[in-house]
Amino acid sequence: MSNATTPRSVPDLRVGVSMALLSAATFGSSGPMAKALIDAGWTAGAAVLVRIGGAAVLLGAVAAVVRRGNLRVSGPSLRALLVYGTVAMAGVQLAFFNAVRTLDVGVALLLEFTAPVLLVAWTAARTRTLPSRTTLVGAALTMLGLVFVLDLTGAGTIDPVGVAWGMVAAVCVAAFFVLSARQHDDLPPVVMAAGGTLVGALVLGLAGLVGLVPMAFTNGDVVLAGRPTGWWLPAAWLVVCSTSIAYLAGIGAVQRLGTRLASFVGLTEVLAAVLVAWVLLSELPGPSQLLGGACIVAGIVLIRRAEGTEATGAEAAVLPAAPAVAPDHPQAGDHGTPGPSRQSVG
């Protein structure tokens, strides 16, 4: 087949894969950077507020340039944006950052990655139909991995409050997938990302003002890779790299690769998070948790493969976090399950 008829050229594939890997790596670094701030005395709410508040400014500027100042949003799309900002931005990140207070970053992220299984269960209950055999095997493999990640078969202990926060993050991701199944033509990806961070920052700021979310900032040093450094370094990294660059790279990856391929590459976020946490925080999951992580990722791959086989019309969307990168929201998944192609929301 000639290049003229090839849907995606080799250069596009290379650039797209590179952008997807960049997005996954930068998203994966958010947990270690946030945990360094939290260990230095910041609250999870403060870390999230700085992250999405700063990103709202940067992404808003990008959206204004790309859209040439046309940032108007209609009534239904505005409501969708409010839900997106509250659930997928503020809710997911607040729950995830609370989870990493007491859990290893990799464990907290893997808990969040169980969102597809929650979607499978929700869709089965809503439609009163059993998923495909491949989907059920993937769900079972993911749940088996969760047993290993939580070390339920061993003598180790794991903080139940942290686990609860991790599952809240997964529920928020699953809820976002459901809520974002409706298409909104006046919400292009850049506007969705910029508007979502702005709404999330405003909601979280208001919750902090009324005392619903504890807010505490410190100007002391944080410890990264065993060395003290200024608090501004992880804070700036969260804003510029783990949010702004991560979302924009994810958008570019989806445009070049499509939702399915970009999302499968995005599963490398787990590996990135584990490696960054190991280098910066000396955190490394044990053998049981590493095995569990492999099972969870393999289960997600099976679930998404089933979606790709059974979906008709649009490309099947894939997880992650993220995210929750905005480009992804209007795709349909397995058995009608909405599934915005996600770069993690974590």
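Computed from a predicted model, the values in this text were never measured in an experiment. Counting from 1, residues in each chain are numbered in the order their sequence is written. Local features in this predicted model are restricted to residues whose pLDDT is 70 or higher, and side-chain atom pairs enter the listing and the counts only when it is 80 or higher, whereas totals over whole chains, interfaces and linings include all residues. Only hydrogens and water are set aside when side-chain values are computed; all heavy atoms of the structure are taken into account.

Undergrad: Could you clarify how one ought to interpret the nonpolar core in this entry?
TA: Burial of nonpolar side chains together is a common tendency in soluble globular proteins. In this text, buried Ala, Val, Leu, Ile, Met, Phe, Trp, Tyr and Cys residues form a nonpolar core when linked through side-chain atoms within 4.5 Å. Each residue is placed in one exposure class: buried if its accessible area under a 1.4 Å probe, protein chains only, is under 20% of its type's maximum, exposed if it is over 50%, and partly exposed if it falls in between. One finds Phe96, Phe97, Val105 and Phe113 to be the most contacted residues of the largest nonpolar core, which totals 46 residues. Think of it this way: any DSSP run of H or I at least four residues long counts as a helix, any run of E at least two long counts as a strand, and we number them from the N terminus. In terms of residues, this core owes the most to one element, helix H5 (residues 105-112), which gives six residues. One finds Ala88, Leu119, Val190 and Ile251 within the second-largest nonpolar core, a separate group that totals 24 residues.

Undergrad: Just checking my understanding: could you explain a nonpolar patch on the surface for this structure?
TA: On the surface, Leu271, Leu275, Trp278, Val279 and Leu284 cluster together into a nonpolar patch covering about 500 Å² of accessible area. When you line up the elements, Val279 lands in helix H12 (residues 269-281). Patches draw on residues past 30% relative accessible area with no salt bridge. Two like charges within 9 Å are joined, as are two nonpolar side chains (Val, Leu, Ile, Met, Phe, Trp, Tyr) within 5 Å. Surface accessibility in these figures is a Shrake-Rupley result with a 1.4 Å probe; residues are shielded only by whichever protein chains are displayed. Note on definitions: salt bridges are taken to be side-chain nitrogens of Lys or Arg within 4 Å of carboxyl oxygens of Asp or Glu.

Undergrad: Explanation requested: the side chain of Ser244 in the structure shown.
TA: Locating Ser244 in the fold gives a position in helix H10 (residues 232-257). You can call Ser244 buried: its relative accessible area is 5%. When residues no more than four places from it in sequence are discounted, the contact partners of Ser244 are Ala55, Leu58, Leu59 and Val239. Here, two residues are considered to be in contact whenever any of their heavy atoms come within 4.5 Å of each other.

Undergrad: Teacher, can you tell me more about the pattern of salt bridges here?
TA: Taken as a whole and judged by the stated rule, the model has one salt bridge. Of the charged contacts in the structure, one is a salt bridge between Glu283 and Lys35, with a shortest N-O distance of 2.5 Å. With Glu283 in the loop between H12 and helix H13 (287-310) and Lys35 in helix H2 (residues 30-39), the pair connects residues that are 248 residues apart, well separated along the chain. With respect to class, Glu283 is no different from Lys35; both count as buried.

Undergrad: Is there a simple way to explain the side chain of Thr43 in this structure?
TA: Following the sequence through the fold, Thr43 ends up in the loop between H2 and helix H3 (44-66). Of note is the side chain of Thr43, whose polar atom sits 3.1 Å from the backbone nitrogen of Ala216. Apart from residues no more than four positions distant in its own chain, Thr43 is found in contact with Ile38, Pro214, Met215 and Ala216. Throughout this description, a polar contact denotes any pair of N or O atoms lying within 3.5 Å of each other; where both atoms belong to protein, one of them has to be capable of donating a hydrogen while the other can accept it, and for residues adjacent in sequence the pair is counted only when both atoms sit in side chains.

Undergrad: What am I meant to see in helix H9 (residues 189-209) here?
TA: Helical periodicity: at 3.6 residues per turn, an α-helix aligns residues three or four positions apart in one direction. Multiplying one less than the number of residues by 1.5 Å gives the expected span of a helix. Here H9 is 21 residues long and its end C-alpha atoms lie 30 Å apart, about the 30 Å a rise of 1.5 Å per residue gives. Backbone geometry just after H9 places Gly211 at a positive phi near 90 degrees.

Undergrad: How should the layout of surface pockets be read in this particular structure?
TA: To find the voids left in a structure, one rolls a probe of water-molecule size over its atoms. The way it works is a 1 Å grid over only the protein atoms, where trapped points that fit a 1.4 Å probe form a cavity and open points with protein on both sides within 12 Å along at least five of seven lines form a pocket, and then any residue with an atom within 4 Å of a point lines it. Grid points are joined across faces, edges and corners, and a volume is the space filled by probe spheres set on the points. Roughly 190 Å³ of volume is contained in the largest pocket. Contributing to the lining of the largest pocket are Ala56, Gly60, Ala63, Leu71, Val73, Leu78, Leu81, Val191, Ala194, Gly195, Leu198 and Val199. Elements with a contribution of two residues or more to the lining of the largest pocket: H3, helix H4 (75-99) and H9. Element by element, the count of residues in the lining of the largest pocket is highest for H9, at five residues. We call Asp, Glu, Lys and Arg charged. Ala, Val, Leu, Ile, Met, Phe, Trp, Tyr, Cys and Pro are nonpolar, and the rest, Gly among them, are polar. Here the lining of the largest pocket is composed, by residue class, of ten nonpolar, two polar and no charged.

Undergrad: Looking at this model, I keep getting lost on the packing of aromatic side chains. Mind explaining?
TA: The geometry of an aromatic ring pair is captured by the separation of the ring centres together with the interplanar angle, meaning the angle of the planes. A pair of Phe, Tyr and Trp rings is counted when the ring centres sit within 6.5 Å of each other, with Trp represented by its six-membered ring. The angle between the planes then sorts it: under 30 degrees is stacked, over 60 is edge-to-face, the rest tilted. Applying the stated criterion across every chain, the model contains four aromatic pairs. Seen in terms of ring centroids, Phe27 and Tyr247 are 5.1 Å apart; in terms of plane orientation they differ by 75 degrees. Their pairing is edge-to-face. Of the two residues, Phe27 is situated in helix H1 (residues 10-28) and Tyr247 in helix H10; the sequence distance between them amounts to 220 residues. The pair formed by Phe27 and Tyr247 is uniform in burial state, with each residue classed as buried. When the centroid spacing of 5.9 Å and the interplanar angle of 45 degrees are considered together, the rings of Phe96 and Phe97 count as tilted. Both residues of the pair, Phe96 and Phe97, count as buried.

Undergrad: Just checking my understanding: could you explain the packing of H4 against H9 for this structure?
TA: Between two packed helices, both the angle of their axes relative to each other and the distance between the axes serve to describe the pair. Angles here are taken between N-to-C directions and fall from 0 to 180 degrees, while the axes themselves are lines fitted to C-alpha atoms, restricted in helices to the stretch in contact. It is the contact of H4 with H9, at a shortest axis distance of 7 Å, that shows an interaxial angle of 65 degrees. Accordingly, the angle class assigned to the pair H4 and H9 is roughly perpendicular. Read as a crossing pair, H4 and H9 show a hand that is right-handed. Of H9, the residues touching H4 (which contributes Leu81, Leu82, Tyr84, Gly85, Thr86, Met89, Ala90 and Leu94) are Val191, Met192, Ala193, Gly195, Gly196, Thr197, Val199, Gly200, Val203 and Leu204. Here the contact of H4 with H9 is built from residues that sort into twelve nonpolar, six polar and no charged. Each angle is binned into one of four classes, with values under 35 degrees roughly parallel, values over 145 roughly antiparallel, values of 65 to 115 roughly perpendicular, and all other values oblique. Should the near helix be turned counterclockwise from the far one by less than a right angle, the crossing is left-handed, whereas a clockwise turn marks it as right-handed.

Undergrad: Looking at this structure, I do not really get H12. What am I missing?
TA: Its 13 residues give H12 an end-to-end C-alpha distance of 17 Å, which sits within 8% of 18 Å, the value for a rise of 1.5 Å per residue. Those residues of H12 that fall on the buried side of the exposure criterion are Glu269, Val270, Ala272, Ala273, Val274, Ala277, Leu280 and Leu281. A positive backbone phi angle near 60 degrees is found at Ser282, which sits one or two residues after H12.

Undergrad: What exactly am I supposed to notice about unusual backbone geometry here?
TA: Its identity is not glycine, yet Arg128 carries a phi of approximately 60 degrees, on the positive side. With respect to the element layout, Arg128 can be found in the loop between helix H6 (115-127) and helix H7 (133-149). A residue is classified by how much of its surface remains accessible, and Arg128, at 78% relative accessible area, is exposed. Positive phi, close to 55 degrees, is recorded for Ala225, a residue that is not glycine. The topology assignment puts Ala225 in the loop between strand S1 (222-224) and strand S2 (227-229).

Undergrad: Even after reading the chapter, I still don't get the packing of H5 against H12, so can you show me in this structure?
TA: At a minimum axis distance of 8 Å, the contact between H5 and H12 shows a crossing angle of 160 degrees. Accordingly, the angle class assigned to the pair H5 and H12 is roughly antiparallel. Considering only the axes of H5 and H12, their crossing is right-handed. Packed against H5, whose contacting residues are Val105, Gly106, Leu109 and Leu110, the element H12 presents Glu269, Val270, Ala273, Val274, Ala277 and Leu281 at the interface. A breakdown of the residues in the contact of H5 with H12 according to their chemical character gives eight nonpolar, one polar and one charged.

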